[in-house]
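Spelled out, the chains give:
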Amino acid sequence: MELRDKFGRKISYLRLAVTDRCNLRCQYCMPAHGIDIVDRKDLLSYKEMYRITRVLSELGVNKVRLTGGEPFVRKDFMNLLKSLSFNNKLDEINITTNGALISNYIDKLEALNINSINLSIDSLQKEKFAKITRRDVFDNVYDTFEKLDKSNLKLKLNVVVQSGFNTDEIINFVELSKNKNISVRFIEEMPFNGIGQRKITEEWDYNKIIKHIKNHYSEVDSLQSKKSSTSINYKIPTYKGTFGIIPAFTRTICNDCNRIRITATGMFKNCLFDSGVFNVRDFIRNGASDNDLKELFINTVHHKPENGFVAEAARKNDVSESMSTIGG
Ligand code: SAM
């Protein structure tokens, strides 16, 4: 038994939101006052997350990314990681984090064989960072960055390219890959900001970002990436690390999608741009067996939309929820 959609795509990657809470208030993700967080009882419990992941892993999911909200905001998050690490059907456990709360956990993350950390960092300038995140945590995040860079954990940086804010730093971010074995990934800004409108003065899409970088360097090598990679990857010859661009908004990567998402409240999503297919939490709390869950997952994945545009067109409401609600 496996998860395969009607276009033949095999699903092997789960993005699981651990919480909808976040310690930052990034401008492109939510309004200044934050989002309406749900009652604690409405969040999936760790036991439920463990079970959902186990059942999915029995259907061929071998990679899980824990995200949120900020995963490290949730109490005892390390316990969830520990229990997931016992699931030997999982080849990779990855985490996306803003890094403000994790500098004391890095040894433990290494000991648990966490595969990679995606650290979100949208500016290398303290004041600008505070403006974007609406919190004064740049020093903590940068400290985490340096510690992660020295650790055995694979490190990727997530940089949301925001017109009028940080496009002047794109080259500085590429330069970080000169002496560090990291992958810097530029993400196109999406409307998932709790409001719906993208306050964009100039469209910085994949084409514009790569053109900007190619104008600066005499040579930029294209890299061969895994088919299901979300980023289109490059390297400046002689640089230790790499960089990539994630066309999250222009959605040119959907053909090889191998992902599903489950939000912190248990909403199953076949696509980032759909509005949720069914609530796994309610299904479990109503007594579903593992076989019931498997049947539901198999049937739901079969109807995965062809791409993010099809998914968006089928929504009843506009794309406006925060990435913190969805699980970025
Ligand atoms: N709190 C963690 C963090 O900051 O990495 C994990 C959750 S966050 C929602 C996951 C990723 O989504 C981050 O890299 C963030 O920058 C990105 N993100 C959030 N809102 C976005 C938007 N509107 N467009 C593009 N990326 C977004």
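Engineer: Describe the nonpolar core, listing the residues and the values that go with them.
Structural biologist: Counting 93 residues, the largest nonpolar core has Leu-66, Leu-81, Leu-109, Phe-186, Phe-243 and Phe-297 as its most contacted members. When sequence neighbours within four positions are dropped, the list of residues in contact with Leu-81 reads Leu-66, Ile-93, Ile-95, Leu-109, Leu-112 and Ile-114.

Engineer: Tell me about the pairing of strand S4 (residues 116-120), residues and numbers included.
Structural biologist: By the criterion of burial, S4 is predominantly enclosed, with four of the five residues buried. After leaving strand S3 (residues 92-97), the chain enters helix H3 (residues 106-111) and then returns to the sheet as S4, a path that is right-handed. The pairing of S4 with strand S5 (residues 154-161) spans five bridges and is parallel. When the bridges of S5 are listed, Asn-118 appears paired with Lys-156.

Engineer: Can you break down the sheet that holds S5 residue by residue, with the values?
Structural biologist: Through backbone hydrogen bonds, the strands of a sheet pair up, either in parallel or in antiparallel fashion. Read from one edge of the open sheet, twelve strands run S7-S8-S9-S6-S5-S4-S3-S2-S1-S10-S11-S12, paired in mixed fashion. On the outer flanks of this sheet lie strand S7 (221-222) and strand S12 (278-279), each paired with one strand and no other. The sheet strands contacting helix H2 (residues 77-85) are strand S2 (63-67) and S3, and the helix crosses S3 at an angle near 160°.

Engineer: I'd like a rundown of the site of the ligand, residues and numbers included.
Structural biologist: Taken together, 18 residues surround the ligand, and among them Tyr-28, Gly-69, Glu-70, Ser-120 and Met-190 come closest. At 3.0 Å from a nitrogen atom of the ligand is found a side-chain nitrogen or oxygen belonging to Glu-70. Between the ligand and Thr-97 there is a distance of 3.3 Å, counted from an oxygen atom to a backbone nitrogen or oxygen. Calculation on the ligand without its partners gives an accessible area of 540 Å², and the protein chains cover 95% of this total. Mapped onto the shell around the ligand, the elements with two or more residues apiece are S3 and S5.

Engineer: I'd like a description of the pattern of salt bridges, backed by residues and values.
Structural biologist: One pass over the structure, following the stated rule, counts 25 salt bridges. A salt bridge links Arg-285 to Glu-48; the nearest nitrogen and oxygen atoms lie 2.8 Å apart. One end of the pair, Arg-285, is in helix H8 (residues 280-285); the other, Glu-48, is in helix H1 (residues 46-57), with 237 residues separating them in the sequence. You can call Arg-285 partly exposed: its relative accessible area is 40%. Given the relative accessible area of 11%, Glu-48 is considered buried. Residues Glu-169 and Lys-128 are paired through a salt bridge, measuring 2.7 Å at the closest nitrogen-oxygen approach. Taken together, the residues Glu-169 in the loop between S5 and helix H6 (170-176) and Lys-128 in helix H4 (residues 126-133) connect sequence positions 41 residues apart. You'll find Glu-169 and Lys-128 in the same group, each marked buried. Bridged by salt links that share partners, the residues Arg-51, Arg-54, Glu-58, Asp-290 and Lys-294 form one connected network.

Engineer: Account for helix H9 (residues 290-302), naming residues and giving values.
Structural biologist: For H9, spanning 13 residues, the distance from its first C-alpha to its last is 18 Å, which sits close to the expected 18 Å at 1.5 Å a residue. Within H9, the full set of buried residues consists of Leu-293, Lys-294, Phe-297, Thr-300 and Val-301. Angular distribution of buried residues about the axis of H9 spans 140°; they occupy a single face of the element. Facing away from the buried surface of H9 by more than 90 degrees, the exposed residues are Asn-291 and Glu-295.

Engineer: Can you explain the packing of aromatic side chains? Please cite residues and give values.
Structural biologist: Per the stated rule, a full pass over the model turns up 13 aromatic pairs. With a centroid separation of 5.3 Å and an interplanar angle of 75°, the aromatic rings of Tyr-142 and Phe-145 are classed as edge-to-face. Of the two residues, Tyr-142 and Phe-145 are both situated in helix H5 (residues 138-150); the distance of three residues between them amounts to about one turn of the helix. A relative accessible area of 24% places Tyr-142 in the partly exposed class. Classification of Phe-145 by relative accessible area gives buried; the value is 0%. Site record: aromatic cluster; members linked through ring pairs are Phe-129, Phe-138, Tyr-142 and Phe-145. Note that Arg-251 overlies the ring of Phe-273, its terminal NZ or CZ placed 3.7 Å from the centroid. A cation over an aromatic ring shows up here: Arg-251 above the ring of Phe-309, its NZ or CZ 4.0 Å from the ring centre.

Scoring rules and cut-offs
- Residues numbered from 1 in each chain as written.
- Predicted model: local features only at pLDDT ≥ 70, side-chain atom pairs only at ≥ 80, totals over all residues.
- Heavy atoms only, no water.
- Core = buried A, V, L, I, M, F, W, Y, C linked by side-chain atoms within 4.5 Å.
- Buried < 20%, exposed > 50% of the residue type's maximum accessible area, 1.4 Å probe, protein only.
- Contact = heavy atoms within 4.5 Å.
- Helix = DSSP H or I, 4+ residues; strand = E, 2+ residues; numbered from the N terminus.
- Right-handed = clockwise from strand over helix to strand, strands pointing away.
- Pairing = 2+ DSSP bridges.
- Axes fitted to C-alpha atoms, helices over the stretch in contact; angles between N-to-C directions.
- Near = heavy atom within 4 Å.
- Polar contact = N/O pair within 3.5 Å; in protein donor to acceptor, adjacent residues only side chain to side chain.
- Areas by Shrake-Rupley, 256 points an atom, 1.4 Å probe, with all protein chains shown as cover.
- Salt bridge = Lys/Arg side-chain N within 4 Å of Asp/Glu carboxyl O.
- Expected span 1.5 Å × (residues − 1).
- Arc of directions from axis to C-beta.
- Phe/Tyr/Trp six-rings, centres within 6.5 Å; stacked < 30°, edge-to-face > 60°.
- Lys NZ or Arg CZ within 6 Å of the ring centre and 35° of its normal.

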